[in-house]
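An overview of the molecular structure
What follows is each chain in one-letter form.
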Amino acid sequence: MDINWGTLTSVFAVSLGITAVVVVMFSLGLTAWSRTGHGDPTSHPPGLRHQKTAMATALLCFASCLAVAGYGIGLIVMG
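Position numbers for residues start from 1 in each chain and track the written sequence from start to end. Per-residue local features are limited, in this predicted model, to residues with pLDDT of at least 70; the limit for side-chain atom pairs, both in listing and counting, is 80 or more; totals at the level of whole chains, interfaces and linings are taken over all residues. For the side-chain quantities, the full set of heavy atoms in the structure was used; hydrogens and water were omitted.

**A closer look at the overall build of the protein**
Strands are runs of DSSP state E lasting at least 2 residues, helices are runs of H or I lasting at least 4, and numbering of each runs from the N terminus. The number of helices and strands found in the protein is 2 helices and 0 strands. Per-residue accessibility, obtained with a 1.4 Å probe over protein chains only, is compared with the maximum for each type, and a residue is labelled buried under 20%, exposed over 50%, and partly exposed between these values. In the protein, buried positions account for 9% of the 79 residues. Note that accessible areas follow from Shrake-Rupley with a 1.4 Å probe, and for residues the cover is restricted to the protein chains shown. Counting only carbon and sulfur atoms, one obtains 74% of the accessible surface of the protein, whose full area is about 6,400 Å².

Right, dumping it as structure tokens:
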């Protein structure tokens, strides 16, 4: 049995990079979601335009995380 170390290293590097990107995108989504004012009992809510931008950013970040996870599951299932 022979191990192709170059290929193994590249697979490891790509999976580590994709994992880091998904974690960053999810944390950016959480940050944007918190800026929409959900569950925040403030006396002066932020502007409506700011809330819409933050909501769109959060949804885009969460959708990208879902797309990456779905692609990975698709690769495993379709094999």
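After presenting the structure, the write-up continues.
**Remarks on a nonpolar patch on the surface**
Patches were defined on residues exceeding 30% relative accessible area and lacking a salt bridge, with like-charge contacts within 9 Å and nonpolar side-chain contacts (Val, Leu, Ile, Met, Phe, Trp, Tyr) within 5 Å. By convention in these notes, a salt bridge is any Lys or Arg side-chain nitrogen within 4 Å of a carboxyl oxygen on Asp or Glu. A surface patch of nonpolar side chains, about 560 Å² in accessible area, is lined by M1, I3, W5 and L8. Among the secondary structure elements, W5 is positioned in helix α1 (residues 5-34).

**Things to note about the packing of α1 against helix α2 (residues 48-78)**
Only the contacting stretch of a helix is used when fitting its axis, a line to C-alpha atoms as for every element, and angles between N-to-C directions run 0 to 180 degrees. Where α1 contacts α2, the two axes come as close as 8 Å, and the packing angle between them is 155°. With respect to each other, α1 and α2 are oriented roughly antiparallel. In the packing of α1 onto α2, the handedness of the crossing is left-handed. Counting all contacts with α1, which are made through I18, V22, M25, F26, L28, G29, L30, A32 and W33, the residues of α2 involved are A54, M55, T57, A58, C61, F62, S64, C65 and V68. Just so you know the grouping, Ala, Val, Leu, Ile, Met, Phe, Trp, Tyr, Cys and Pro go in nonpolar, Asp, Glu, Lys and Arg go in charged, and all remaining residues, Gly too, go in polar. Considered class by class, the residues forming the contact of α1 with α2 number 15 nonpolar, 3 polar and no charged. Any angle that falls under 35 degrees is termed roughly parallel, while one over 145 is termed roughly antiparallel, one within 65 to 115 roughly perpendicular, and all others oblique. The hand of a helix crossing depends on one turn: near helix anticlockwise from the far one by less than a right angle means left-handed, and clockwise means right-handed. Should any heavy atoms of two residues lie within 4.5 Å, those residues are considered in contact.

**As for the packing of aromatic side chains**
Classification of ring pairs uses Phe, Tyr and Trp, with its six-membered ring standing for Trp, and accepts pairs whose centres are within 6.5 Å; under 30 degrees between planes counts as stacked, over 60 as edge-to-face, and the remaining range as tilted. Tallied over the full model, the rule gives 1 aromatic pair. Considering the side-chain rings of F26 and F62, the 5.4 Å spacing of their centres and the 50° angle between planes classify their relative orientation as tilted. Of this pair, F26 sits in helix α1 while F62 sits in helix α2, and the two are 36 residues apart along the sequence.

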